[in-house]
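Descriptive structure summary
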Amino acid sequence: MPPTPGGDQPYLKHLNRARVLHLLRTHPGLSRAELAAHSGLTKVTVGSLVTTLLDGGWLSEGHARPGATGRPGRELHLGEARHVLLGAEIGVLGARAVATTLRGTVLARAETRTPTTTPHAATQTITQLCGQLLRDPATQGRELLGLGVALPGPVSPDGTRVLYAPNLGWDDVPFLDLLRAAPDLPHLPTEAITLDNEANAAAFGESFLRPGEPPQLLAYVSLGSGVGAGFTALSGTPHVLRGARGLAGEIGHAIIQPGGLYCHCGNRGCVETLLGGWAIRAALNLNVLDPLDEALAPRLREAAVQVTLGRAGEALGQLLVNLHQTLGPDEIVIGGALTRLDGAVLGPALDVYHARQWRPAAPPARVTVRTDSLYLPALGAAAQLLARVIDTPQEPA
C-alpha cells in the first residue's frame, strides 16, 4: 500500500471504500448505521459509499432489521450477482481452477489430470481451464475481475517469477510474463493477475474467506507430492508471511532425521524424505502418475503401507510440534492428499503432536484437518486477487 498522500481526496475515498468492503467481508449483514459505528466514518460518508457500491454490484441489500432508534436499517452484504474471479492451481499431476463470487462462493470448477511438464504447457492448461469456466452458464454475463494462480514452489517477492519448483524441474521461470503473453487468456491488466506458492494461497484463503475475525497467526500445511506451508498474520486484514526472499514456509526441507535418506534438494533427512508424496510412492513402489490418495486407499490394510504411513504420520506430528513451538500459531490447518486416507497419517501425527507438547505452551494450537482441500489453493488464489482489487487504488477515469 503506498503512503497516504495528504489531502488526496480520491485516495481517501479509496481507503474508505476498502474499509467498508473489508468490514462487510468479515461482518456480513451490517446496516449503514452499524458500518458507520464500526468504521468510524460519518453516516453521510457511509451512505454515499454504500450507494456507489450498490450501483456497481459490489454490495447487495438484504432484509430490513430493526435498529435501536429510528427506522429499520437494511442488511448489507458483498454482492453475489455481478462479478467473477478466477483462481487456478498448477499441481504436479494436474491442475484445478475455480470461478468465485466476491464472497468466495464457487460458481464453477474445472480440472485436468494431465501431469504438468513445461511452463509453457502449464500456461496452456490454465488458459484452457479459464476458458472452460468462462463458458459455464454460471459465469455468463459477469464482469471478470482477474485471475490468481497458485504454483508448487516459492514465488519471487515481486510476484512475477517461480523461483524454483523441484517437483516440476522448474528453475527461475518468468511465469507472469508467460501468462500475459498467452493469446487465448482473457485480456487482463497486469495488476489483475497474481502468482503465489500454493500453500501461501491456501493459507490466505483460509484466513480471508472465513466470516468474523481470522486467527492472529494461521499456519497451513500442504501434504502433496512435496510438503510446504503458508503462514498468515492479521494486521488489519490477513497477509502472508514471506520471509526476506519469499522462501518462508519451505518446511519440506527442514531436516528432521539427521543422517537420513537423501532428498532431491541434496540434503539428507529432510521432512519430504519421510512425508513427501514422492518418497511414499518410492517406498511402496506406486505409479508416479496415480493420485496418491487414490493409489493408497484400497491398500490401507497392508502391513507395508501401514508402516510407511505410520512413519510419515510420526514425522508430520513432530513437524507440527516444531511449528507450534517456534511460531505459536492460533491454528494449524492441514490439507492435501494425505488427509484423505481415513486417518492413516493424521492419526499418528495428532498422537505425536499432543504427546510432545511443551507444557508451559498449553493449550496447543487448534489443528483443523481439511479433507476437502483439493480446490483450496485455487480458491485462495482467487481470494488473493480479490484482496488486491479491494486494496489497490483505482486509476482515475
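Small disclaimer: the values here were computed from a predicted structure and weren't measured.

1. A few points about the overall build of the protein chain
On a plain count of helices and strands, the protein chain comes out with 12 helices and 14 strands. Its C-alpha atoms give the protein chain a radius of gyration of 22 Å, within 12% of the compact-globule value 21 Å for 397 residues. A principal-axis box enclosing the C-alpha atoms of the protein chain has dimensions of 70 × 55 × 40 Å. Considering only residue pairs separated by 6 or more positions, the protein chain has 61% of its internal contacts joining residues 24 or more positions apart. Within the structure as shown, the protein chain displays about 18100 Å² of accessible surface, and the carbon and sulfur contribution to it stands at 53%.

2. Quick look at the packing of helix α1 (residues 9-26) against helix α2 (residues 32-39)
The interhelical angle for the contact between α1 and α2, taken along N-to-C directions, is 110 degrees, at an axis separation of 11 Å. If you check the angle between α1 and α2, you find them roughly perpendicular. Every residue of α2 that contacts α1 at Arg19, Val20, Leu23 and Leu24 is listed here: Leu35, His38 and Ser39.

3. Things to note about the sheet that holds strand β3 (residues 83-90)
Two orientations exist for strands paired in a sheet by backbone hydrogen bonds: parallel and antiparallel. As summarised here, the arrangement of the five strands in space is β5-β4-β3-β6-β9, forming an open sheet in which the pairing is mixed. The open sheet terminates on both sides in strands that have one partner only, identified here as β5 (106-112) and β9 (193-197). Strand-to-strand twist in this sheet, taken as the mean axis angle between neighbours without regard to direction, amounts to 15 degrees. Where strand β4 (residues 95-100) and β5 come together, six bridges link them in antiparallel fashion. Along β5, the bridge assignment pairs Thr100 with Val106. Strands in contact with helix α6 (residues 198-208) are β3, β6 (143-151) and β9; relative to β9, the strand with the most contacts, it is inclined by about 105 degrees. Packed onto the sheet, helix α12 (residues 376-391) meets β3, β4, β5, β6 and β9 and runs at close to 135 degrees relative to β3.

4. Some thoughts on the packing of aromatic side chains
Evaluation of the coordinates by the stated rule reveals two aromatic pairs. Both rings, one in Trp170 and one in Phe175, keep their centres 5.7 Å apart while their planes meet at 25 degrees; by these two values the pair is stacked. For Trp170, a relative accessible area of 5% translates into the label buried. Look at Phe175 and you get buried, because its relative accessible area is 0%. Ring centres 5.0 Å apart and planes at 20 degrees place the aromatic pair Phe204 and Phe208 in the stacked group.

5. Looking at the domain arrangement of the protein chain
Bring the parts together and some accessible area is lost; that lost area is often taken as the interface size. Assigned domains within the protein chain: domain 1 (9-66 + 73-78), domain 2 (83-202 + 377-391) and domain 3 (212-371). Centre-to-centre, using C-alpha coordinates, domain 2 lies 24 Å away from domain 3. Between domain 2 and domain 3, the contact holds 18 residues from the first and 24 residues from the second. Taken over both partners, the interface formed by domain 2 and domain 3 buries close to 1500 Å², and the fraction arising from carbon and sulfur atoms is 52%. When the buried surface of domain 2 facing domain 3 is broken down by residue, Leu93, Asn167 and Asn200 rank first, second and third, together holding 33% of it. Taken together, domain 2 and domain 3 are joined by two salt bridges. Where Arg242 meets Asp196, a salt bridge forms, and the shortest distance between an N and an O atom there is 3.0 Å.

6. Here's the deal with the pattern of salt bridges
As enumerated under the stated definition, the model contains 14 salt bridges in all. Between Glu206 and Arg210 there is a salt bridge, with its nearest N and O atoms 3.8 Å apart. Looking at Glu206, the relative accessible area reads 9%, which means it is buried. Take Arg210: its relative accessible area is 23%, and that puts it in the partly exposed class. Note that Arg366 is salt-bridged to Glu331, the shortest N-O span being 2.8 Å. With Arg366 in strand β14 (residues 366-370) and Glu331 in strand β13 (residues 331-336), this pair connects stretches of sequence that are 35 residues apart. Residue Arg366 is classed as partly exposed on the basis of its relative accessible area of 48%. The buried category is assigned to Glu331, whose relative accessible area is 3%. One salt-bridge network, held together by shared partners, links Glu206, Arg210, Glu331, Arg366, Arg370 and Asp372.

7. Here's the deal with the environment of Val321
Among the secondary structure elements, Val321 is positioned in helix α10 (residues 303-327). The exposure class of Val321 is buried, given its relative accessible area of 5%. For the pair Val321 and Val352, spaced 31 residues apart in sequence, the C-alpha separation works out to 8.1 Å. When sequence neighbours within four positions are dropped, the list of residues in contact with Val321 reads Val352, Tyr353, Arg356 and Gln357.

8. Examining helix α11 (residues 346-355)
When α11 is considered as a whole, its buried residues turn out to be Leu346, Ala349, Val352 and Tyr353. The arc enclosing the buried residues of α11, seen along the axis, measures out at 130 degrees, which places them on a common side. Turned more than 90 degrees from where α11 packs its buried face, Asp351 and Ala355 sit exposed. If you follow the buried residues of α11, they end up packed against α10, β13 and β14.

9. Structural notes on the confidence of the model for the protein chain
Counting all residues, the mean pLDDT for the protein chain is 91, and 95% of those residues have values of 70 or more. Contacts of residues 1-6 to residues separated by more than four positions or lying in other chains number nine contacts, the stretch itself having pLDDT below 50.

The rules behind the values
- Residues numbered from 1 in each chain as written.
- Predicted model: local features only at pLDDT ≥ 70, side-chain atom pairs only at ≥ 80, totals over all residues.
- Heavy atoms only, no water.
- Helix = DSSP H or I, 4+ residues; strand = E, 2+ residues; numbered from the N terminus.
- Rg over C-alpha atoms; globule rule 2.2 N^0.38 Å.
- Contact = heavy atoms within 4.5 Å.
- Areas by Shrake-Rupley, 256 points an atom, 1.4 Å probe, with all protein chains shown as cover.
- Axes fitted to C-alpha atoms, helices over the stretch in contact; angles between N-to-C directions.
- Parallel < 35°, antiparallel > 145°, perpendicular 65-115°, else oblique.
- Pairing = 2+ DSSP bridges.
- Phe/Tyr/Trp six-rings, centres within 6.5 Å; stacked < 30°, edge-to-face > 60°.
- Buried < 20%, exposed > 50% of the residue type's maximum accessible area, 1.4 Å probe, protein only.
- Domains from an automatic or database assignment.
- Buried area = accessible area lost by both parts, 1.4 Å probe.
- Salt bridge = Lys/Arg side-chain N within 4 Å of Asp/Glu carboxyl O.
- Arc of directions from axis to C-beta.
- pLDDT = per-residue confidence, 0-100.

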